[in-house]
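Chain by chain, the residues:
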Amino acid sequence: MTTSTSSNDTTAMPAAFLGHGTPMNALTDNVYTRAWRAFGQRVPRPQAILVISAHWYTNVSVVTAMAQPRTIHDFWGFPDELFAIRYPAPGDPALAAEVAEVVKPTWIGQDRDTWGYDHGTWSVLVHAFPEADIPVVQLSINAEEPLEYHLELGAKLAPLRERGVLIIASGDVAHNLRLADRTQQRRGFDWAERFDDSARELMVTDPGSILKLRQHPDFRIAVPTPDHFIPVLYLAGLAQSAAQVPEVIVDGYQFASVSMTSYVIGI
């Protein structure tokens, strides 16, 4: 198995939730991208990376299983320089098969020719692991399943960390582009800050209770669609499984309506 580690290595690989924000972060030097670079330098070199990205939001649970995934530019209206980015990291079909095995009886399919690396993945990896020499697989977000499914699936992925796999969830706790103020780059709207603060309180004290946020008065405006919120559930599930408390590595907002708070466990 390409993802196996020494039997004497009892330290689990870290896991992270990275608030990825706008695709332009791939080209930008800012407080967030510097935090992603520092994260990549801080973690032990992984055998492979598993990413759960908000931008592979589909009607099935599936993992990329091709040897050389393509770079997907899943946006429009941005500079040509952004469309020119390629993240040529190899895939890892063996890890894809292991993902499907470790979460049983939950079913995870194998995607051998459809997806690749969307910008929720490569916009952070170009900073965290710029050499693109570590195998990467993506796990889709199944839009047909309830939030509890994703929290539980995150916990089921925990054994992969023991095998040297770095698990990264990429999204934004608060994400409402319909209300974006593009003149703002650090402060958030009052509702975004309230919701993000409540999420932080749960994540750093009792991550397994993260779904209490559904009762938050700002949930509907902060999470108008669940795609960007769901990735944080994967880190919460991993943290609960490992009895680890996440730490914040960077926070702030883009466009006042997108939370950039990022969490790590195991460092």
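So, here is what we can say about the structure in this document. (Residues numbered from 1 in each chain as written. Predicted model: local features only at pLDDT ≥ 70, side-chain atom pairs only at ≥ 80, totals over all residues. Heavy atoms only, no water.)

Quick look at the overall build of the protein chain
When helices and strands are tallied, the protein chain shows 9 helices and 12 strands. Taking 2.2 N^0.38 as the reference for a compact globule, 267 residues should give roughly 18 Å; the C-alpha atoms of the protein chain span a radius of gyration of 17 Å, in line with that estimate. Split into buried and exposed, the 267 residues of the protein chain put 58% on the buried side. A separation of at least 24 residues holds for 82% of the contacts in the protein chain among residues at least 6 apart in sequence. For the protein chain, the accessible surface area stands at approximately 11100 Å², while carbon and sulfur atoms represent 51% of it. One way to put it: in the protein chain the 20 positive side-chain charges average out to a point 1 Å from where the 30 negative ones average out. (Helix = DSSP H or I, 4+ residues; strand = E, 2+ residues; numbered from the N terminus. Rg over C-alpha atoms; globule rule 2.2 N^0.38 Å. Buried < 20%, exposed > 50% of the residue type's maximum accessible area, 1.4 Å probe, protein only. Contact = heavy atoms within 4.5 Å. Areas by Shrake-Rupley, 256 points an atom, 1.4 Å probe, with all protein chains shown as cover. Lys, Arg positive; Asp, Glu negative; His and termini not counted. Charge placed at Lys NZ, Arg CZ, Asp CG, Glu CD.)

Structural notes on the layout of surface pockets
Considering only enclosed or pocket space, the largest pocket measures out at about 420 Å³ in volume. Lining the largest pocket are 17 residues, and of these Pro23, Phe75, Phe78, His119 and Leu177 sit closest to its centre. Per-class residue counts for the lining of the largest pocket are 7 nonpolar, 8 polar and 2 charged. (1 Å grid on protein atoms, 1.4 Å probe; cavity = no way out; pocket = protein on both sides within 12 Å on 5 of 7 lines; lining within 4 Å. Points joined across faces, edges and corners; volume = space filled by probe spheres on them. Nonpolar A, V, L, I, M, F, W, Y, C, P; charged D, E, K, R; others polar.)

Considerations on the packing of helix H5 (residues 147-156) against helix H9 (residues 230-242)
Direction vectors running N to C along H5 and H9 enclose 45 degrees, while the axes themselves pass 6 Å from each other. As summarised for this structure, H5 and H9 are arranged oblique, according to the angle between their axes. The handedness of the crossing between H5 and H9 is right-handed. Residues Leu147, His150, Leu151, Leu153, Gly154 and Ala155 of H5 touch H9, and the partners they reach there are Ile230, Leu233, Tyr234, Ala236, Gly237, Leu238 and Ser241. (Axes fitted to C-alpha atoms, helices over the stretch in contact; angles between N-to-C directions. Parallel < 35°, antiparallel > 145°, perpendicular 65-115°, else oblique. Left-handed = near helix turned anticlockwise from the far one by under 90°.)

Some points on helix H1 (residues 31-42)
Taking 1.5 Å as the rise per residue, H1 with 12 residues should run 16 Å; its terminal C-alpha atoms sit 16 Å apart, in good agreement. Within H1, burial applies to Tyr32, Thr33, Ala35, Trp36, Phe39 and Gly40. Buried residues in H1, looked at end-on, bunch into an arc of 155 degrees, giving them a common side. On its buried face, H1 is in contact with strand E1 (15-19), helix H4 (119-128), strand E8 (165-171), strand E9 (247-250), strand E10 (253-254) and strand E12 (262-265). Residue Asn30 occupies the N-cap position of H1, its side-chain oxygen lying 2.9 Å from the main-chain nitrogen of Tyr32. (Expected span 1.5 Å × (residues − 1). Arc of directions from axis to C-beta. Polar contact = N/O pair within 3.5 Å; in protein donor to acceptor, adjacent residues only side chain to side chain.)

Overview of the pattern of salt bridges
Between side chains of opposite charge, a pair can form when the charged atoms approach closely. Per the stated rule, a full pass over the model turns up 10 salt bridges. With a closest N to O distance of 3.7 Å, Arg42 and Glu247 form a salt bridge. Here Arg42 is found in helix H1, whereas its partner Glu247 is found in strand E9, with 205 residues between them in sequence. For Arg42, a relative accessible area of 46% translates into the label partly exposed. Here Glu247 falls in the partly exposed class, since its relative accessible area comes to 29%. Three or more residues joined by partner-sharing salt bridges are found here, namely Asp29, Arg34 and Arg37. (Salt bridge = Lys/Arg side-chain N within 4 Å of Asp/Glu carboxyl O.)

Some points on the pairing of strand E7 (residues 136-142)
Each regular strand shows side chains that alternate between the opposite faces of the sheet. Counting buried residues along E7, 7 of its 7 residues qualify, which places the element largely inside the surrounding structure. Sheet topology places strand E2 (residues 48-58) next to E7; 6 bridges connect them, and they run parallel. Residue Val51 lies in a different strand from E7, and its bridge partner there is Gln138. (Pairing = 2+ DSSP bridges.)

Examining the environment of Glu145
By the element assignment, Glu145 lies in the loop between E7 and H5. Exposure remark for Glu145: the relative accessible area of 33% places this residue in the partly exposed category. As for Glu145 and Gly171, which are separated by 26 residues in sequence, their C-alpha atoms are 17 Å apart.

Thoughts on unusual backbone geometry
Here Lys104 and Pro105 are connected by a cis peptide whose omega angle stands at 15 degrees. By secondary structure assignment, the location of Pro105 is in the loop between helix H3 (93-102) and strand E5 (109-111). Notably, Ala243 is not glycine yet its phi reads approximately 55 degrees, a positive angle. Looking at the secondary structure, you find Ala243 in the loop between H9 and E9. The class of Ala243 is exposed, set by a relative accessible area of 71%. The residue Ala256 is not glycine, and still its phi comes out positive at about 70 degrees. In this fold, Ala256 is placed in the loop between E10 and strand E11 (258-259).

A short note on H4
Burial runs high along H4: 9 of the 10 residues are buried. Those residues of H4 that sit buried are His119, Gly120, Thr121, Trp122, Ser123, Val124, Leu125, His127 and Ala128. Its side-chain oxygen 2.9 Å from the backbone nitrogen of Gly120, Asp118 forms the N-cap of H4.

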